[in-house]
Amino acid sequence: MFRINAVCTGNICRSPMAEYLLRAELARAGVEDVEVVSSAVTAWEVGNPIDDRARDLLTERGLDATRHVARQFTPADYSRADLILALDTDHYTHLRRGAPDAAAEAKVRMLRSFDPEVAERGPAEQGIYDPWYGDAGDFDTTYELIAAALGGIVEFVRDARTSDDSHESQA
């Protein structure tokens, strides 16, 4: 099983949107045995549901996020995940600095590093600002930025699993 954790500030807007969109895209692409979760770098929203604006946007697109409950990223999440997707630059910095070793640090990537439009840029140019402070239009922008990276993430997962399969067959 390949495990992905999308991480933002409070786990009520960006990261749950990424979680549900990525889960749906993996299913659409026929990529199985992938667990997608999301979490927060802070405890501010732990236990809270997804933001109403994010929930409504996902519902409009046929995705049910009503059971989402915000949770905080823990040190154990480094070992549970194969890929940790930071939604903004401060999350990326926090997660890389908190990594217990180089292998865990290497798992941390900016979500938009998988978007072909910005993949060649550095993390400082790949962030998705927090729509919580804005209106529905900001949530639409967040959705579009996440969606642009989904195909690249799906391909990354496929490649990683193919690589794992070839290593297992050589053993």
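Up top you'll find the structure we're talking about.
Please read these numbers as outputs of a predicted model, since none were measured by experiment.

**Overview of unusual backbone geometry**
The phi dihedral of Asn-11 falls on the positive side, at around 65°, and the residue is not glycine. Within the secondary structure layout, Asn-11 lies in the loop between strand 1 (2-8) and helix 1 (14-28). Of note in the backbone geometry, Asp-33 takes a positive phi value of approximately 60° without being a glycine. Assignment of secondary structure puts Asp-33 in the loop between helix 1 and strand 2 (34-40).

**Looking at the packing of aromatic side chains**
As enumerated under the stated definition, the model contains 3 aromatic pairs in all. With a centroid separation of 4.9 Å and 85° between ring planes, the pair formed by Phe-73 and Tyr-78 is classed as edge-to-face. With respect to class, Phe-73 is no different from Tyr-78; both count as buried. We note Arg-23 situated over the ring of Tyr-20; from NZ or CZ to the ring centre the distance is 5.0 Å.

**Regarding the sheet that holds strand 1**
Taken in spatial order, the 4 strands line up as 2-1-3-4 in an open sheet, and their pairing is parallel. Edge positions in the open sheet fall to strand 2 and strand 4 (108-110), since each of these has one partner strand only. Taken pair by pair, the neighbouring strands of this sheet meet at an average axis angle of 25°, ignoring direction. Pairing between strand 1 and strand 3 (residues 83-86): 4 bridges, direction parallel. The partner of Ile-4 across the bridge, within strand 3, is Leu-83. Of the strands in this sheet, strand 1, strand 2 and strand 3 are in contact with helix 1, which crosses strand 2 at around 175°. On the sheet, helix 4 (residues 89-98) packs against strand 1, strand 3 and strand 4 and is oriented at approximately 170° with respect to strand 4.

Parameters at a glance
- Residues numbered from 1 in each chain as written.
- Predicted model: local features only at pLDDT ≥ 70, side-chain atom pairs only at ≥ 80, totals over all residues.
- Heavy atoms only, no water.
- Helix = DSSP H or I, 4+ residues; strand = E, 2+ residues; numbered from the N terminus.
- Phe/Tyr/Trp six-rings, centres within 6.5 Å; stacked < 30°, edge-to-face > 60°.
- Buried < 20%, exposed > 50% of the residue type's maximum accessible area, 1.4 Å probe, protein only.
- Lys NZ or Arg CZ within 6 Å of the ring centre and 35° of its normal.
- Pairing = 2+ DSSP bridges.
- Axes fitted to C-alpha atoms, helices over the stretch in contact; angles between N-to-C directions.
- Contact = heavy atoms within 4.5 Å.

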